[in-house]
Amino acid sequence: MNRQQSMENLASKRQAGASLMEVLVAMSISLVVTAAMIAMMSNSLGSTARIIQMTKLTDDLRVAMQMMTRDVRRSSYNAQAMNCYGNEDCFKDGSIVATGDITISAAGDCFIFQMDRDHDGDSTENGAGGFRRVAPAGIGYIEMWTGGATADCGAAPGAAGWVQITDPEHLDIDSLNIDDDLSYEELILNDGLGNMLSQKVRKIRINLNGSLVLDDSIVRSVGDIISVRNDLLFEPTAI
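Residues numbered from 1 in each chain as written. Predicted model: local features only at pLDDT ≥ 70, side-chain atom pairs only at ≥ 80, totals over all residues. Heavy atoms only, no water.

Examining the state of the cysteines
This is how it is decided: When the sulfur atoms of two cysteines come within 2.5 Å, that pair is taken as a disulfide. We count a stretch as a helix when DSSP gives it H or I for four or more residues in a row; a strand needs E for two or more, and each element gets its number in order from the N terminus.
Across all of its chains, the model carries one disulfide by this definition. Here C110 pairs with C153 through a disulfide, and the sulfurs are 1.9 Å apart. Here C110 and C153 share a disulfide; its torsion about the S-S bond, -75 degrees, makes the bridge left-handed. In this pair, C110 sits in strand 2 (residues 110–113) while C153 sits in the loop between strand 4 (141–145) and strand 5 (162–164), placing the two residues 43 residues apart along the sequence.

Listed below in structure tokens is the structure:
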């Protein structure tokens, strides 16, 4: 009986600890598993941060686009335009003053327009509106015209009247492209007595591309086609 107990005690002592090799193997497996978990967490956090940055970039571009589309919808707006539908001599009798069309720069990165801000039927006496892209230090940003006179697309960045609306420390506006290729004109009045009236149905297409300053691999683009609320009425020089 004593012999059996001694053998059991000996076996128990042999199973009480782990060998050095077993400890090293266990530690190696633990390190591999821990490293894999850390890598997964790092990738997950990195993906989350990237998604947040992409969302912020898209939001910033959309805010800039909304500011442009809000104003361009009212470009060359004339509160008295309806007078021409019942009065073929509206331009001659002073009922309405012909307004200028949207002016787009040759590079397509700046546009200016008139607005009848005081609703008196004459937008030529009011401050013009406008937007442009500038990149004085290699980082592009959008400026909005707030001056009283007609805007100058060629003025230096930050010139009087031009106000920055995007943040060049965070967002790089890579390009701003504006065109009115989808607009069209049609003659709506010709009485044979020299009274003619045309209208231009205006559609402005804007595309805006930007990237993050701290990570230019994160790039986003937004675009819109704006139907200007009122048709541009004017007296044609020829049929």
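We are not done yet, so read on.
Points about the nonpolar core
In plain terms, the rule: The definition of a nonpolar core used throughout is a set of buried Ala, Val, Leu, Ile, Met, Phe, Trp, Tyr and Cys residues joined through side-chain atoms within 4.5 Å. Think of it in three bands: residues with accessible area under 20% of the maximum for their type are buried, residues over 50% are exposed, and the middle band is partly exposed, with areas taken using a 1.4 Å probe on protein chains only. By the convention used here, residues are in contact when the closest approach between their heavy atoms is within 4.5 Å.
With 25 residues, the main nonpolar core has F111, I206 and L208 as its most contacted residues. Ranked by residue count, the leading element in this core is helix 2 (residues 20–72), at six residues. If we ignore the near neighbours within four places in the chain, the residues touching F111 are M68, V72, I102, T103, I104, G129, G130, F131, C153, I178 and I206. The next biggest cluster of nonpolar side chains, apart from the first, holds six residues, and it includes C110, I112, A155 and W162.

Quick word on the sheet that holds strand 9 (residues 203–212)
This is how it is decided: A pair of strands is treated as paired once DSSP finds two or more bridges between them. Between the N-to-C directions of two axes lies an angle of 0 to 180 degrees, each axis being a line fitted to C-alpha atoms and, for a helix, fitted only over the stretch in contact.
Ordered by their spatial adjacency, three strands build an open sheet running 6-9-10, and the pairing between neighbours is antiparallel. Every interior strand has two partners, whereas the edge strands, strand 6 (171–179) and strand 10 (219–227), have only one. Strand-to-strand, the axes of this sheet are offset by a mean angle of 15 degrees, without reference to chain direction. Sheet analysis places strand 6 next to strand 9, joined by eight bridges and oriented antiparallel. Within the sheet, the bridge partner assigned to I173 lies in strand 9 and is G210.

With respect to a nonpolar patch on the surface
Our working definition: Patch building starts from residues that exceed 30% relative accessible area and form no salt bridge, then joins like charges within 9 Å and nonpolar side chains (Val, Leu, Ile, Met, Phe, Trp, Tyr) within 5 Å. Note on areas: these come from Shrake-Rupley sampling with a 1.4 Å probe, and a residue is covered only by the protein chains present in the view. Each reported salt bridge corresponds to a side-chain nitrogen of Lys or Arg within 4 Å of a carboxyl oxygen of Asp or Glu.
Taken together, the side chains of M21, V25, I29, V33 and M37 present a nonpolar region at the surface, about 490 Å² in accessible area. With respect to the element layout, I29 can be found in helix 2.

Side note on the side chain of S175
Structurally, S175 is set in strand 6. Contacts of S175, omitting those with residues within four sequence positions, involve R133, N207, L208 and N209.

Focus: the pattern of salt bridges
By the definition in use, this model includes five salt bridges. Note that D71 and R70 form a salt bridge whose closest N and O atoms lie 3.4 Å from each other. When the shortest N-O distance is used, the salt bridge between R205 and D181 registers 3.8 Å. Within this pair, whereas R205 is found in strand 9, its partner D181 is found in the loop between strand 6 and strand 7 (184–190), the two being separated by 24 residues in sequence. Residue classification places R205 among the partly exposed residues on the basis of a relative accessible area of 25%. Its relative accessible area of 58% is what places D181 among the exposed residues. The structure contains a network of salt bridges with shared partners spanning D179, D181 and R205.

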